[in-house]
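Given next are the chains, with one letter for each unit.
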Amino acid sequence: MLRGWLSRPLLAVTGAVLVAWLVAAFEALHAANEWQVPLRQIALGDEAVLVPIATVVGVGVGVAGLLMDPRRRWGFWAVRARIRGLEGERRARWAAVMLLAPTATLVWMVATAHAARAVLAHGAAPAAAGAAMAATSAVALALSCCAMFATVPVAARTVTAQVGPVVSGVCGASFALACLAAGTRIGDESGNGHTPLAILGVLARHELDLRPVFALVVLAVGAAVGERMSRQGRWGRVAASALIVAASWGLVVHQAHALEMDPEAARVIELGAPLGRIGLALARRATDHDKDGASRFFGGGDCDDWDPTRSPQANDIPGNGIDEDCSGSDLPKPRPAHPPTAPTAPAYAAAGPKDLNLVLITVDTLRTDLGFMGYERPVSPYLDALAARSTVFDHEYALASYTGKSVGPTMIGKYPSETYRDGAHFDTYFPENKFLAERLQDAGFHTMGVVSHWYFKPKYGLAQGMDIWDMSAMPDNSSGDVDSSSTSDEISDAVIRLLSDPVNVSHRFFLWAHYFDPHALYVPHPGAPDFRKNATYWSKPMYDGEVWFTDNNLGRVFEFIDSQPWGKRTAIIVTADHGEAFDEHGMNWHGVDLWDVLVHVPYIVYVPGVKPHHVNVKRSAIDIAPTVLDLMGIPQPPEGQFSGESTASAILSPDPQAMDERDVYCDMPAGPNVGQHRAIIHGTTPGMKLMHEGGPVWHLYDLARDPQELSDLSRRDRADFDELREAFDDKLASLHMIHVDPAPYEAR
């Protein structure tokens, strides 16, 4: 008896650990296609972080087997014999149960999903939401079971004993799977549709990665097979299993140090291994001694795991001799800054009206794949027409790669790390910040905003300084990060409605509209061209259709402005909060990294009377707020209130020879869903780009020779790395960073 209690869990762990090698090999093969790291390093590291998971799964399966079947009566062959031995009414009833059970399970799952969406839509706190979902799920399970057992007698009379439980089970499972597939196709990716099964449409979302679930199932199967291999008197098999498990845990210890010495492999696992990234996060959490969110093992990069003030997520204090952020050195003290140059008065006098109005348009998730930026597909005819009479910045960069860290700081004129905010993924910005709308309001402008996404509710702080904040375009069921609603037409309707009111345009005005449709989820639009020909990624044609739809509705706004008496003294600015990835660097999302496809954005500035031209030097969204003040003829605030400097001279009096090269800095502070990421672009445009992924992880790219950022030079070109690192340190030392702890939850 004791031998069984020892051997069965051990053999189950062995089976799970051996199968983990297959999972690690599969994940490593997939990840190695995207990253320049040897396959062997990825596979060893992935196996090491999978061993603890496999051990837990194996122990769970082994203990469950002991508790549920201590005498091994329910092995495969024993169950097969029992099924064959069923006769008459018992056979028919079991056949009915096997037929109905998959459908009852599907009903329970659908009911639970609907209940969960209803609970989450109310924005309850995690504990309350979890309790409510657990309760509704239990009720749904009870009702499904009651309905199934009530139907069994009827089904038993219909499903004859000759059919048998096996055939009935196959038929029932096939029917449930067919319903599951149908629901996935019927519903959109938000789970909306005309039937209850439409909720299953969320399973089709590309960002919903179910591979870790499948990998866990594979580990469980391996554990179950291993557990069934135990036999009385087979101590040799037990000893071999003990050696395998011990060697596997030895690999864990070895790789804990190896991944720290070579964090690139850990980075690849973090980005490209579905189950491995979970194991890596758990391993780092288990070895985080000072509980500061970083470990000194497994590539966590914590240079002092006994001091919670020192970690890759910490802000380094310049010149104190301590490397708080574990980057390898302390930041230097800030160097004296050169005072920014301002355009001369004659440049303004020659530029056009001094009493300009401003319409500022930001488009969520808009890449530079637009006609005026060289994109071959006809996605942006109206933006192209606006660009043809405007100033176009060819190398404009957003501050971050997702809205919560981009829009607010852009409107404040400070880098995200310098703003007053909470630590949520979608930050709430506090009244201590002064937004562009407040500055224009102080100058006598009538200020208006038109938005459609829940993040722009006034409680998040983005409406500061607005006389009118129009959210009429927000869908009734807007509660998640993404939705399948189309709102560009409603936003344009609201913009035109506001600008049609004589009161709103009776004196100088500022209107900001944020369009959302290019953000996932993507829906088709009647009349859109077919962008599928020669598409390189499955969802890019749908995205292009959303851009086309947004552009068409922007065209209505542009045409309305041009038709109005005040149109000849109204400036128009169009830009984006960030871009999007479509399989670049193995990604199909934004908000995590700072690759160029995520932060290089379009930027159009139309000023009546100014000759159209392109600006070919790199610039940043940090300059938008001071630029607007200059264009509107408003004095700049005292030094230190803006982190950027005006680009009005490049717009109003362009002189390519006089345009200075500026470093572009991208700033993504740590949040609950993403670690800290920073990047600087330095040198002659397009420049060299240094990306800091936290701790010892750095990437260096030559954007002139390698615009797709495929060849990392950080270990091959030490001279350029040192130059970029010095520029990076100087930039960080010049910032007035405000430490904010990441929040575990944000209420909507």
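Residues numbered from 1 in each chain as written. Predicted model: local features only at pLDDT ≥ 70, side-chain atom pairs only at ≥ 80, totals over all residues. Heavy atoms only, no water.

1. What about the overall build of the protein chain?
Applied cut-off: Each helix is a run of DSSP H or I of at least 4 residues and each strand a run of E of at least 2, with the numbering of both proceeding from the N terminus. Per-residue accessibility, obtained with a 1.4 Å probe over protein chains only, is compared with the maximum for each type, and a residue is labelled buried under 20%, exposed over 50%, and partly exposed between these values. The contact criterion used is simple: two residues touch if any of their non-hydrogen atoms lie within 4.5 Å. Per-residue accessibility takes into account occlusion by the displayed protein chains alone, with areas from the Shrake-Rupley method and a 1.4 Å probe.
Along its length, the protein chain carries 20 helices and 15 strands. Evaluated residue by residue, the protein chain yields a buried proportion of 54% over its 748 residues. In the protein chain, 68% of the contacts between residues at least 6 apart in sequence involve partners at least 24 apart. In the form shown here, the protein chain has an accessible surface area of approximately 32,900 Å², with 63% of it arising from carbon and sulfur atoms.

2. A look at the pattern of salt bridges
Which entries qualify depends on this criterion: Salt bridge, as used here, is a side-chain nitrogen of Lys or Arg placed within 4 Å of a carboxyl oxygen of Asp or Glu.
Enumeration over the complete set of coordinates arrives at 27 salt bridges. For D623, the salt bridge goes to R662, with nearest N and O atoms at 3.3 Å. Within this pair, whereas D623 is found in the loop between β11 (619–620) and α18 (624–631), its partner R662 is found in the loop between α19 (648–652) and β12 (664–668), the two being separated by 39 residues in sequence. As far as the burial class goes, D623 and R662 line up, both buried. Each of the salt bridges in this network shares a partner with another, and the network as a whole consists of R367, D369, R377, K540, D544 and E584.

3. What about the sheet that holds strand β7 (residues 570–576)?
This is how it is decided: Strand pairing follows a simple DSSP-based rule, namely that at least 2 bridges must link the two strands. To obtain each axis, a line is fitted to C-alpha atoms, and for helices this fit is confined to the stretch in contact; angles are then taken between N-to-C directions over 0 to 180 degrees.
The mixed open sheet is built from 8 strands, whose spatial order is β5-β4-β6-β1-β7-β9-β2-β10. Two strands lie at the open edges of the sheet, namely β5 (468–470) and β10 (613–615), each paired on one side alone. Going from strand to strand, the sheet's axes swing by 15° on average, the running direction of each strand aside. Relative to strand β9 (residues 603–606), strand β2 (residues 391–393) is paired through 2 bridges, and the arrangement is antiparallel. Across the sheet, the residue bridging to T391 is V605, located in β9. Running at roughly 175° to strand β1 (residues 357–363), helix α16 (residues 540–563) makes contact with β1, β6 (509–515) and β7 of the sheet.

4. Describing the sheet that holds strand β8 (residues 600–601)
Here 3 strands make up an open sheet; going across it, the order is β8-β3-β11 and the pairing mixed. The two strands at the open ends of the sheet, each matched to only one other strand, are β8 and β11. Strand direction decides the pairing type here: strand β3 (residues 396–397) and β11, joined by 2 bridges, are parallel. Looking at the pairing, E396 lines up with R619 of β11.

5. Some thoughts on the packing of helix α2 (residues 39–68) against helix α10 (residues 274–286)
For clarity, the cut-off: The scheme is simple: roughly parallel for angles under 35 degrees, roughly antiparallel for over 145, roughly perpendicular for 65 to 115, oblique for anything else.
Across the interface, α2 lies against α10 with an axial gap of 8 Å and an inter-helix angle of 75°. Taken together, the axes of α2 and α10 are roughly perpendicular relative to one another. On α10, the residues that touch D46, V49, L50 and I53 of α2 are L275, G276, G279, L280 and L282.

6. Looking at the packing of aromatic side chains
Worth spelling out the cut-off: For this analysis, a ring pair means two rings from Phe, Tyr or Trp (six-membered ring only for Trp) whose centres lie within 6.5 Å, classed as stacked if their planes differ by under 30 degrees, edge-to-face if by over 60, and tilted for the remaining angles.
The tally for this structure, following the rule as stated, stands at 18 aromatic pairs. Relative to W512, the ring of W469 has its centre 5.9 Å away and its plane inclined at 55°; by these criteria the two rings are tilted. Pair noted here: W469 is in strand β5 and W512 is in strand β6, with a separation of 43 residues, a long-range link. The buried category is assigned to W469, whose relative accessible area is 18%.

7. Focus: the side chain of D729
Position of D729 relative to the elements: it lies in helix α20 (residues 718–734). Under the relative-accessibility criterion, D729 is labelled buried at 8%. In this view, D729 contacts S329, L331 and P332; residues no more than four positions away in its chain are not counted.

8. Considerations on the confidence of the model for the protein chain
Just so we agree on the cut-off: As a per-residue measure, pLDDT reflects the predictor's confidence and takes values from 0 up to 100.
Averaged over the protein chain, the pLDDT score is 86; the fraction of residues at 70 or greater is 89%. Of the regions scoring below 50 in pLDDT, residues 338–351 engages in 15 contacts with residues more than four places distant in sequence or in other chains.

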